[in-house]
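Working through the structure, step by step
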Amino acid sequence: MKHIKVADLMTDEVVSAAPGTAFKDVAKLLAQYDISGVPVLDDEDRVVGVVSQTDLLAHAGPGLGTSGQDGTVVEPPTAGDVMSAPAVTVRAEETVADAARLMTRRGIERLPVVDVEDRLVGIVTRRDLLRMFLRPDSEIRRRINDEILAEVLGVPTGDVDVHVVDGIVTLDGQVERRSQLPPLLGLIERLEGVVAVASRVTARTDDTATTHADQSRHAMPW
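Everything numeric in this text was worked out from a predicted model, so none of it was measured.

1. Things to note about helix 8 (residues 181–189)
Of all the positions in helix 8, only Leu 181, Leu 184, Gly 186, Leu 187 and Ile 188 are classed as buried. In the core, the buried residues of helix 8 are packed alongside helix 7 (137–152), strand 9 (168–177) and strand 10 (196–205).

See below:
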């Protein structure tokens, strides 16, 4: 079974800025695209920082053409002046769960997605991550039947009935061996979009007792 990767949810058309982009132009980008921040890229598309709304507000000050106390003209700051660096980024092959934990730990709304050379390939936001909890019940049921029951555990079609309502999974039926029950529940509980699992699945044979007996027999000194 494959967990959802950041690459599956990220947006690959990213609004970005260069270190020399003027303060006001960055603010215009945020307003125009209704976003909370932009990655700052160097000449080779490597992410060197991120400018957020908070960064802009923290550095708001005199504008172009304003004179300082000594009469000199005060130049407005650029993206490179106000950006948070180094940027917090994530790789496309990492899981959505890893990205969510990183966002929560660092208290950020969006993560630039980079390749092995730290070049920008996309961006993922908290809004994107929430989409995994909106996965249709029919999709959850299909993945349980096709990926977990059939592909991973080899359970014949029809042996276990799967019902999903609002992300709550109910299981009825039988599997061949008792040792299949823990991985069945564990895999379903970790499936993206699953809220809870209620299982009434039983096993035709108890192979766990045989396994424990074999282990004990092999552990006996001769």
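2. Some details on the layout of surface pockets
If you add up the space inside the largest pocket, you get close to 390 Å³. Together, 18 residues line the largest pocket, and Asp 34, Ile 35, Ser 36, Arg 110 and Thr 125 are the ones closest to its centre. Among the secondary structure elements, those contributing two or more residues to the lining of the largest pocket are strand 1 (37–41), strand 7 (120–125) and helix 6 (126–130). A class-by-class count of the residues in the lining of the largest pocket yields 7 nonpolar, 4 polar and 7 charged. Approximately 340 Å³ is the volume found for the second largest pocket. Forming the boundary of the second largest pocket are 16 residues, of which Val 50, Ser 52, Asp 55, Ile 108 and Glu 109 lie nearest the centre. Take the lining of the second largest pocket: its biggest share by element is 3 residues, from helix 3 (residues 53–58).

3. Looking at the packing of helix 7 against helix 8
Following both chains from N to C, one finds helix 7 and helix 8 inclined at 150 degrees, their axes separated by 11 Å at the closest point. Judged by the inter-axis angle, helix 7 sits roughly antiparallel to helix 8. Regarding helix 7 and helix 8, the two cross each other, and that crossing is right-handed. Mapping the contact onto sequence places Ile 144, Ile 148, Leu 149 and Val 152 in helix 7 and Leu 184, Leu 187 and Ile 188 in helix 8. Of the residues belonging to the contact of helix 7 with helix 8, the class tally is 7 nonpolar, no polar and no charged.

4. So, the sheet that holds strand 5 (residues 90–91)
Across the sheet, 3 strands lie side by side as 5-6-7; this open sheet has mixed pairing. Since the sheet does not close on itself, it has two edges, and those belong to strand 5 and strand 7, each with one partner. Helix 5 (residues 96–106) rests against strand 5, strand 6 (110–114) and strand 7 of the sheet, and its axis sits at about 130 degrees to strand 6.

5. What about the side chain of Gln 180?
For Gln 180, the location among the structural elements is in the loop between strand 9 and helix 8. Overall, the relative accessible area of 6% leaves Gln 180 in the buried class. A polar atom in the side chain of Gln 180 sits 3.2 Å from the backbone nitrogen of Glu 176. Here the side chain of Gln 180 touches Arg 177 through a polar contact of 3.0 Å, landing on its backbone nitrogen. With residues up to four places along the chain from it excluded, the contact list for Gln 180 reads Leu 153, Val 155 and Val 175.

6. Examining the environment of Asp 42
One can find Asp 42 in the loop between strand 1 and strand 2 (47–52). Between the alpha carbons of Asp 42 and Gly 80 there is a distance of 9.9 Å; along the sequence they are 38 residues apart. Of note is the side chain of Asp 42, whose polar atom sits 2.9 Å from the backbone nitrogen of Glu 44.

7. A look at the pairing of strand 10
As defined by bridge partners, strand 9 adjoins strand 10 across 9 bridges and the pair is classed as parallel. Within the sheet, the bridge partner assigned to Arg 177 lies in strand 10 and is Thr 205.

8. Side note on the sheet that holds strand 9
Strands sit in the order 8-9-10 across an open sheet of 3 strands; the sheet is mixed. With partners counted over all chains shown, the strands left at the sheet margins are strand 8 (160–165) and strand 10, one partner each. Direction aside, neighbouring strands of the sheet carry axes that sit 10 degrees apart on average. Strands strand 8 and strand 9 of the sheet are contacted by helix 7, whose axis makes an angle of about 155 degrees with strand 8. Of the strands in this sheet, strand 9 and strand 10 are in contact with helix 8, which crosses strand 10 at around 160 degrees.

Parameters at a glance
Residues numbered from 1 in each chain as written. Predicted model: local features only at pLDDT ≥ 70, side-chain atom pairs only at ≥ 80, totals over all residues. Heavy atoms only, no water. Buried < 20%, exposed > 50% of the residue type's maximum accessible area, 1.4 Å probe, protein only. Helix = DSSP H or I, 4+ residues; strand = E, 2+ residues; numbered from the N terminus. Contact = heavy atoms within 4.5 Å. 1 Å grid on protein atoms, 1.4 Å probe; cavity = no way out; pocket = protein on both sides within 12 Å on 5 of 7 lines; lining within 4 Å. Points joined across faces, edges and corners; volume = space filled by probe spheres on them. Nonpolar A, V, L, I, M, F, W, Y, C, P; charged D, E, K, R; others polar. Axes fitted to C-alpha atoms, helices over the stretch in contact; angles between N-to-C directions. Parallel < 35°, antiparallel > 145°, perpendicular 65-115°, else oblique. Left-handed = near helix turned anticlockwise from the far one by under 90°. Pairing = 2+ DSSP bridges. Polar contact = N/O pair within 3.5 Å; in protein donor to acceptor, adjacent residues only side chain to side chain.

By themselves, these are just geometric observations and shouldn't be taken as functional.
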